[in-house]
Amino acid sequence: MTELLENTQLNGMLQQALFEQVPYNIAVIDRDLNLVLANNHFREYFGDWRHKRCFQVYKSCENPCEPCHARKVFETGVAKVSDETGVDRNGRTCHYIVHTAPLKDENGVVQFILEMSRDITETKQFQREYDILFDRVPCYISVLDRQFNVIRANEKYRSTFGEPAGRTCYAIRKHRDTPCRNCPAMETFVDGREHVEEMHGYDVHGKDVYYVVHTSPLARSDQPFQHVIEIATDITYLKNLENQKLEAERLAAVGQTVAGLAHTIKNLLMGLEGGMYMVDSGLKKNNQERIERGWDSLRRNFDKTTQLVRGFLNFSKGRLPDLKPTDPNEIMRQLYELYKDTSHQQGVDLALDLDEEIAPAPLDPDGMEACLTNLISNGIDAAVMSDNEQGRVILRTREEDGALLFEVQDNGIGMDSEVKQKVFTTFFTTKGGKGTGLGLLTTRKIVQEHGGRISMDTEEGVGSTFRITLPRARLEMLYKQTTEKEE
Amino acid sequence: MSETKKILVVDDEEDIVQFLSVLLEDNGYEVVVARNGIEALEKARADAPALISLDITMPEQSGVKAYKELRNDDDLKSIPIVIVTGYEDPNFEKFIKTRRTIEPPDAFFEKPIQKDEFLAKVKDLTG
């Protein structure tokens, strides 16, 4: 090979071939910026170059560029790379990268410069499209370094949260001095995996913004990385809808409670009616003892009415439930202990079917107990009413699709479709005058205050299953709201 | 003079029991009282009333169970039953009707009752 290269003729051929065959535009420029040599590639790209100066060919300009990279190389003798915009032979704007190298004589003086350029118009186009995509995508996109500084952010991010200006993500979006406890970016920095978190922050005007953040390492898999990309979808609209829905559900529950309250009031009215009858008839018969009994009855029912109104005012405030971390199974076990004897006396077998793996959840234990008490006593009633030889009521807990389930299943009489529709507006309880008389309405109200729903499956003659579904995300959200308020 | 007819009043509310008792007694009936479903069954068997006025929501044993047992007992099922409750009438009637195996009540009164209507119904049912 060495021998071959020393062959001058071959060397010349090789140089000629290199000059013409490499996929670059190659040109040689003298100190007066005249083009003195160029390859075919160059001519095909920029057009005829003979007797022209570089700026006329590259840029279609009549005057040298300012600053002029060629002159710089002539002065310094140091090679240079630059990113240029010019005009191609068809008059179209083009982008290219130029490597400029000095060609020195034996005294080390730069006599010519060699320019090798390559078209990057398409790459530039991609870059522009990428920039548009980055800015216009309807998500908040940002890139974080390991100190959580936002080093890049797209337009939607900047217009919502303000210019990052070297600040940290938690300062920009949360107005905090320290990283958030549930920071998904931190988790990604630790384990190099993707993470998702629902978060709450503030926009430039201090308004609430809810978003779901996905974080991912900014590197190919298994490679070390220094940056994390965060892509967040705004869910403020949905969140507001959900809050409105919760509020509407709360108000609806209060409205239905008023309807249920009618039952208790009717009993009081009848008590008053009785008292009046006793007093009236006592006066007519001149029976002092009857008048006194009637008067006592009026007084008792007046007191009860006062109590009821007070209780109802508390009940109808639409308060948030008093949530605390609670073992769902423990509630069921306590109710089982409370009801098993009564239930056996009525010939109904009460059984537990608990998911022992179930995790604690923020619940209002008193509220849930009240709910389930209603369902259990209804279940026992339904089983008693049925023609089944052995009545049975099963208390069940389950975890399903991120929701906590409480079920009360009976093998009682079941319900037909008409009764089914009325079940939450009028129904019986077994607690008589001693209870609230609000039955399933109370149950539904409490369930809705937990952000949950109550549903039932029922078949006439087969039995009914009442199911309380409490989505854990909603429980956590409510818990967060109440604890934040307490803070 | 026909013999005095006996009415069984079943309710857990003392004031309502007192009211119905006095009202019925003033109108020539004899009154027996039960405070819950279990007592209602006992008194129905022991006293053979001409009519039972039955409340639904009661402790110990609800009126629902008492109603079912009264209707399923061959000795007692002919006794007319008048429901006096705070629940709205059409829904209870519907509830009972959908049970199919159980006869609907002979009359249904929502609290507070219209005295005259109540007495007229009692008179009608006790012949």
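Parameters at a glance
- Residues numbered from 1 in each chain as written.
- Chains lettered and ligands numbered in written order.
- Predicted model: local features only at pLDDT ≥ 70, side-chain atom pairs only at ≥ 80, totals over all residues.
- Heavy atoms only, no water.
- Buried < 20%, exposed > 50% of the residue type's maximum accessible area, 1.4 Å probe, protein only.
- Helix = DSSP H or I, 4+ residues; strand = E, 2+ residues; numbered from the N terminus.
- Pairing = 2+ DSSP bridges.
- Phe/Tyr/Trp six-rings, centres within 6.5 Å; stacked < 30°, edge-to-face > 60°.
- Core = buried A, V, L, I, M, F, W, Y, C linked by side-chain atoms within 4.5 Å.
- Contact = heavy atoms within 4.5 Å.
- Axes fitted to C-alpha atoms, helices over the stretch in contact; angles between N-to-C directions.
- Left-handed = near helix turned anticlockwise from the far one by under 90°.
- pLDDT = per-residue confidence, 0-100.
- Salt bridge = Lys/Arg side-chain N within 4 Å of Asp/Glu carboxyl O.
- Nonpolar A, V, L, I, M, F, W, Y, C, P; charged D, E, K, R; others polar.

Caption draft 1: Expanded view of the pairing of strand β17 (residues 463–471) of chain A. All names here are of chain A. Counting buried positions along β17 gives seven out of nine residues, so the element sits mostly inside the fold. Both strand β15 (residues 403–410) and β17 contribute to a ladder of eight bridges, which runs antiparallel. Pairing of Val408 across the sheet is with Phe466, part of β17. Pairing geometry for strand β16 (residues 453–459) and β17, over seven bridges, is antiparallel. If you follow Arg453 over to β17, its bridge partner there is Thr469.

Caption draft 2: Spotlight on the packing of aromatic side chains. All names here are of chain A. Tallied over the full model, the rule gives 16 aromatic pairs over all chains. Plain terms: the ring middles of Phe161 and Tyr211 are 6.0 Å apart, the flat faces sit at 70° to each other, and that makes the pair edge-to-face. One end of the pair, Phe161, is in helix α7 (residues 155–161); the other, Tyr211, is in strand β9 (residues 208–217), and 50 residues separate them in sequence. Accessibility expressed as a relative area gives 3% for Phe161, which makes it buried. Of the residues examined, Tyr211 reaches a relative accessible area of 0% and is grouped as buried.

Caption draft 3: The nonpolar core, seen in detail. All names here are of chain A. Ranked by size, the top nonpolar core spans 32 residues in total, and within it Leu363, Leu372, Ile376, Val393, Phe406, Ile468 and Leu470 carry the most contacts. By residue number, the principal contributor to this core is helix α13 (residues 365–385), which donates eight residues. Apart from the residues within four sequence positions on either side, Ile468 is in contact with Met368, Cys371, Leu372, Leu375, Leu404, Leu405, Phe406, Val447, Arg453 and Ile454.

Caption draft 4: Quick look at the side chain of Thr168(A). By the element assignment, Thr168(A) lies in the loop between α7 and α8 (169–174). Setting aside anything within four residues of it in sequence, one finds Thr168(A) in contact with Gln147(A), Phe148(A), Asn149(A) and Val150(A).

Caption draft 5: Local environment of the packing of helix α12 (residues 328–345) of chain A against α13(A). Residues and elements named next belong to chain A. Close contact between α12 and α13 brings their axes to 10 Å; oriented N to C, the two are set at 35°. In terms of crossing hand, the pair formed by α12 and α13 is right-handed. Together, Ile331, Met332, Gln334, Leu335, Tyr339 and Ser343 of α12 and Pro365, Met368, Glu369, Leu372, Thr373, Ile376, Ser377 and Ile380 of α13 make up the contact between the two elements.

Caption draft 6: Region of the structure containing the confidence of the model for chain A. Summarising the model, chain A shows a mean pLDDT of 85, and 87% of its residues fall at 70 or more. Within the model, pLDDT remains below 50 along residues 425–437 of chain A, and this stretch shows 40 contacts once partners closer than five positions in the same chain are excluded.

Caption draft 7: Molecular detail of helix α3 (residues 63–72) of chain B. With eight of ten residues buried, α3(B) lies mostly within the body of the structure. Buried within α3(B) we find Gly63(B), Val64(B), Lys65(B), Ala66(B), Tyr67(B), Lys68(B), Leu70(B) and Arg71(B).

Caption draft 8: Representation of the pattern of salt bridges within the structure. Residues and elements named next belong to chain A. Under the definition given, this model contains 36 salt bridges over all chains. Here Asp457 and Arg467 are joined by a salt bridge, their closest N and O atoms 3.7 Å apart. Here Asp457, found in strand β16, pairs with Arg467, found in strand β17; they are ten residues apart in sequence, far enough to count as distant. Taking the relative accessible area as the measure of exposure, Asp457 reaches 46% and is therefore partly exposed.

Caption draft 9: Just the sheet that holds strand β7 (residues 150–153) of chain A, in detail. All names here are of chain A. What the five strands build is an open sheet, ordered β7-β6-β10-β9-β8; its pairing is antiparallel. The strands lining the two open edges of the sheet, one partner per strand, are β7 and β8 (195–202). Taken pair by pair, the neighbouring strands of this sheet meet at an average axis angle of 30°, ignoring direction. Sheet topology places strand β6 (residues 140–144) next to β7; three bridges connect them, and they run antiparallel. Bridged to Leu144 within β7 is Val150.

Caption draft 10: The packing of helix α1 (residues 14–26) of chain B against helix α5 (residues 115–125) of chain B, seen in detail. Residues and elements named next belong to chain B. At a minimum axis separation of 11 Å, α1 and α5 run at an interaxial angle of 60°. Along this stretch, α1 crosses α5, giving a crossing that reads as right-handed. In this structure, α1 contributes Phe19, Leu20, Leu23 and Leu24 to the contact, and α5 contributes Lys115, Phe118, Leu119 and Val122. Looking at the contact of α1 with α5 residue by residue, the classes come out as seven nonpolar, no polar and one charged.

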